[in-house]
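# Survey of secondary and tertiary structure
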Amino acid sequence: MLRDGWVPTMCYQCKAECAILARVEDGVLKEVRGNPRGRGKACVKGMAGVSLQYNADRLTQPLRRVGRRGEGRFEPCGWDEALDAIAGKLQELRDRGEAHKLTASFFPHSITDPKWRFLNAYGGFINTALPHCDSAKIVAFIKAMGGVPNHHIPPAFFTVPKGGIMIMAGRHAFGCLDDASVPRDILEAKARGAILVVLDPLFTADAAKADWWIPIRPSGDTALFTGMTHHIVMNGLHNKSFVENWVREGDFERLKDYLADKTPEAMSRICDVPAKDIIKLAEMCAAAPSVGVDSFKGIMLGQAMDFGHAWTNFLAVTGNIDNPGGQPLPDLTPLAPVEPVPPAPNLHERGWHRTGPDKDKFAKYSFIMEPTWYQAQAIKNGDLKVLVVAECNPALTEMGQEEWRSAATMTDSKGNYLLEMLVSYEIMLSETSRYADYVLPDKTYFERWELLYMPWWYNFGQGIGLRQPVVEAPEGCRHSNEVFIELGKRLCPEYFAFKDDVEFYDRQLTGLGLSVKKLQDLGGLWSPGTLGFRKYEKAGGFGTPSGKVHLYWEDLEEVGQALPRVDLAPEYRVDAEQYPYVLLSYRTIFHQGSGQWTHNNPQLRDPVGGFRDNPLLINTATARKEGIKDGDLVTLRSRSGQVRVRAKCTERIRPDCLGLHHGFGSSIGRVAAGGGGVSDNALIPDSGTTLDWQDLVGGESHVSTRVRLEH
Ligand code: SF4
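Now for a look at the structure at hand.

As a further point, take the pairing of strand 14 (residues 438-441). A two-sided burial pattern is seen for strand 14, the buried positions comprising Tyr438 and Leu440 on one face and Val439 and Pro441 on the other. One ladder, built from 2 bridges, connects strand 4 (residues 63-65) with strand 14; its direction is antiparallel. Across the sheet, residue leucine 63 finds its bridge partner in strand 14, namely valine 439. Of the strand pairs in this sheet, strand 13 (residues 421-426) and strand 14 are connected by 4 bridges, and their pairing is parallel. Paired with valine 423 across the bridge in strand 14 is tyrosine 438.

If you want it as structure tokens, here you go:
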């Protein structure tokens, strides 16, 4: 039953999913603000959710493709026809013994999501909408600490004590790359006497708030952290009690041997941070009551596993694991399993999509998050036959987009598409939906139910958040979860013996003695109210085989990565003569990366109050040297593409770097079609052409590359 007033729910204008209050008047959404009960804040994107809700380009009926893929020609069809066609194709695929050749690509925002259940029950494969942004870090933390980290969003800034140090390594938190409450929490920690250090080649909004901005060379993070670890260990400044009690026997000595030649001076030559500054920061960290490290760009680079490894080693020797202000490990909330629980298919056995020419090299290390490029390879190899996308836009917003577009249109000798069916759930048409056989009109986050729980999420990470309908959806819209449940009832009914999404969530909530109704009565939020620090002490150890933190990774000995490689990632080293600048892609608070939601939003593309296009940031001295004036149209060329873009001269960026805001390039929708901007992804080489740049777990050079200027 919908009601007027301020209704608690969860934002989804970007993937952070902050706790918000939505003001409804006569059944119309009027306003959004943060929900203080859930520590929530609303950023400018979140507040512009009202414009998303009432966007004139919203889809309200299923569409069937009538042209060739990519042409974007459709005609309306009914839900019955669309569901019959999709279920029929999935039935056929499974009858052929190829259920694992279904991939659903979506943002894995909650482990309660019925889509996961459907894929496990049917035998399909998950390819996330954030394919590789932090997979290296997740794997690094699992290897070192034996548990899934508080990924994406560490540390818990609201717990940083006076004197604690917050290191942001390419994070862009004040661009709201994650929860809108993070900037507030950082500023409040600063007000308590904590210190903010920002490592970034770009003077970001984070840097503007920092006590110390260090304009590091791109990808120098591994060297910087290793240089600091050297200074701390070699001078006996490490946390002796943590190392003695909680680091695996023998690992500290191995680390010491490895560090012998990784002096601050040697590391300075790689990261371009003066040795005296590496030493100063190391000594500050060794003396501080806590150090938290937060990164984003650093974990999206070609050698991100090495950075994750250097990072965890640094946290371990300084004793900053699962302590206030350090790296929290998640508490688990006891939701009830919905019986019978479908077993996940063994994708190693069945042949998952790690199918490119690098399969032999990487298969044994592969992590389930895979980039867009792999979808394309899997289509070409015959390993991906049905693709369902929801809340993501692989045709635009990832490196590999051109490869993806080409693969989606490939045919066999009879003219049949290699990808036999492509289904796209959309609030409004996107670049990806132009390739779809069926486009299904989704509900917005103001119109649907979801029970949100990820044990490592920032604002509701230690609890549960309820997304609930606050306004009626247009007739004809159905949420993708509802459709997956419907498909489950048809194709694997033994696992979908419940009425609907609300009953599914009700059953999960019995683990907490709750129901959806009771959770509504609680204001839509449940939390144990604690992060339960130093859980490893109570548990008698970490989740690693030894129960201790592992600094040395013997399973990576054969590839020379048992300890971190400190060099810059390859994308920053190759072709430096032809391409003298490093392109940095960065974020602001106005846009998330997935296209239409923010790029087709009139408030967020407003030329005065929003962010309409993405000029090329160029250091004033570099512009002078290149003969470029503010506002000049220049060509930016990389080894894989080129764009024409206006120059914006600024002191905010290193002279050897250029900056482009990520995520532009969409021209679908009334607002997007009228806006400017260029796609940074057009410049980033596909991983298929640069296999040696890849990480063992699927991370590769997907946010930066070398470029040159032509004008
Ligand atoms: S960061 Fe902003 S847009 Fe993203 S979920 Fe939070 S309020 Fe919404």
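Okay, back to it.
A separate point is helix 10 (residues 251-259). By the burial criterion, the buried members of helix 10 are Asp251, Phe252, Leu255, Tyr258 and Leu259. Buried positions in helix 10, seen along its axis, are confined to an arc of 120 degrees and lie on one side of it. As for helix 10, its buried residues are in contact with helix 8 (221-234), helix 9 (240-246) and helix 13 (304-317).

Here we come to the pairing of strand 9 (residues 195-199). In terms of burial, strand 9 is a largely internal element, 4 of the 5 residues being buried. Across 5 bridges, the pairing between strand 8 (residues 165-169) and strand 9 is parallel. Opposite alanine 169, over in strand 9, you have leucine 199 as the bridge partner. Bridge count between strand 9 and strand 10 (residues 212-214): 3 bridges; the pairing is parallel. Directly across from leucine 199, in strand 10, lies its bridge partner isoleucine 214.

So, about the packing of aromatic side chains. Within the structure shown, the criterion is met by 23 aromatic pairs. Look at phenylalanine 106 and tryptophan 116: their rings are 5.7 Å apart centre to centre, the planes differ by 90 degrees, and that puts the pair in the edge-to-face class. In this pair, phenylalanine 106 is assigned in strand 6 (residues 102-106) and tryptophan 116 in helix 4 (residues 114-122), connecting sequence segments 10 residues apart. Among the residues examined, phenylalanine 106 registers a relative accessible area of 1% and is labelled buried.

This next bit is on the state of the cysteines. Considering all chains together, one arrives at 0 disulfides under this definition. As a non-bridged cysteine, cysteine 77 has cysteine 477 as the owner of its nearest cysteine sulfur, 14 Å distant.

In this section: helix 5 (residues 135-145). Within helix 5, 10 of the 11 residues are buried, leaving the element largely enclosed by the surrounding structure. Where helix 5 is buried, its residues meet helix 13. Positioned one or two residues after helix 5, glycine 146 has a phi angle of 80 degrees, which is positive.

All right, on to the packing of helix 4 against helix 18 (residues 480-491) then. The N-to-C vectors of helix 4 and helix 18 enclose an angle of 25 degrees; their axes lie 9 Å apart at closest approach. Regarding the angle of helix 4 to helix 18, the classification is roughly parallel. Between helix 4 and helix 18 lies a crossing of left-handed hand. In this structure, helix 4 uses Pro114, Lys115 and Phe118 to contact helix 18, whose residues at the interface are Ser480, Asn481, Phe484, Ile485, Leu487, Gly488 and Leu491. Partitioned by chemical class, the residues of the contact of helix 4 with helix 18 number 6 nonpolar, 3 polar and 1 charged.

So, on to the site of the ligand. Not every one of the 13 residues close to the ligand is listed here, only the nearest: Cys11, Cys14, Glu17, Cys18 and Cys43. Grouping the amino acids of the shell around the ligand by side-chain chemistry returns 7 nonpolar, 2 polar and 4 charged.

Paired through backbone hydrogen bonds, the strands of a sheet run either parallel or antiparallel to each other. Read from one edge of the open sheet, 3 strands run 1-2-3, paired in antiparallel fashion. Edge positions in the open sheet fall to strand 1 (5-10) and strand 3 (28-34), since each of these has one partner strand only. Averaged over all pairs of adjacent strands, the angle between their axes in this sheet comes to 30 degrees, without regard to strand direction. Bridge count for strand 1 against strand 2 (residues 19-25) is 6 bridges, and the pairing is antiparallel. Considered in strand 2, the bridge of methionine 10 is made with alanine 19.

For the rest of this paragraph, the subject is the environment of proline 441. Positionally, proline 441 belongs in strand 14. Placed 52 residues apart in sequence, proline 441 and valine 389 show a C-alpha to C-alpha distance of 12 Å. Filtering out sequence-adjacent residues up to four positions away, proline 441 remains in contact with Leu59, Thr60, Gln61, Pro62, Trp79, Glu426, Gly476, Cys477 and Arg478.

Take the pattern of salt bridges next. For the structure shown, the criterion picks out 44 salt bridges. A salt bridge links arginine 64 to glutamate 75; its shortest N-O distance comes to 2.1 Å. Within this pair, whereas arginine 64 is found in strand 4, its partner glutamate 75 is found in strand 5 (residues 74-76), the two being separated by 11 residues in sequence. With a relative accessible area of 34%, glutamate 75 lands in the partly exposed category. One salt bridge connects lysine 89 with glutamate 420, and the closest N-O pair in it is separated by 3.0 Å. You can see lysine 89 sitting in helix 3 (residues 79-95) and its partner glutamate 420 sitting in the loop between helix 17 (401-408) and strand 13, a full 331 residues away along the chain. Salt bridges sharing partners connect three or more residues here, namely Lys89, Glu92, Arg96, Glu98, Lys101, Lys385 and Glu420.

A separate point is unusual backbone geometry. In this structure, the amide linkage connecting glutamate 339 to the following residue, proline 340, adopts the cis form with an omega of -10 degrees. Secondary-structure assignment places proline 340 in the loop between helix 13 and helix 14 (347-350). Of note, the phi angle at aspartate 322 is positive, near 55 degrees, even though the residue is not glycine. Locating aspartate 322 in the fold gives a position in the loop between helix 13 and helix 14. For aspartate 322, a relative accessible area of 0% gives the class buried. The backbone of glutamate 391 shows a phi angle near 60 degrees, a positive value even though the residue is not glycine. In this structure, glutamate 391 sits in the loop between strand 12 (386-390) and helix 17.

What counts, and where the lines are drawn
Residues numbered from 1 in each chain as written. Predicted model: local features only at pLDDT ≥ 70, side-chain atom pairs only at ≥ 80, totals over all residues. Heavy atoms only, no water. Buried < 20%, exposed > 50% of the residue type's maximum accessible area, 1.4 Å probe, protein only. Helix = DSSP H or I, 4+ residues; strand = E, 2+ residues; numbered from the N terminus. Pairing = 2+ DSSP bridges. Arc of directions from axis to C-beta. Contact = heavy atoms within 4.5 Å. Phe/Tyr/Trp six-rings, centres within 6.5 Å; stacked < 30°, edge-to-face > 60°. Disulfide = S-S within 2.5 Å. Axes fitted to C-alpha atoms, helices over the stretch in contact; angles between N-to-C directions. Parallel < 35°, antiparallel > 145°, perpendicular 65-115°, else oblique. Left-handed = near helix turned anticlockwise from the far one by under 90°. Nonpolar A, V, L, I, M, F, W, Y, C, P; charged D, E, K, R; others polar. Near = heavy atom within 4 Å. Salt bridge = Lys/Arg side-chain N within 4 Å of Asp/Glu carboxyl O.

Note that every value here comes from positions in space, so none of it alone points to a role or purpose.
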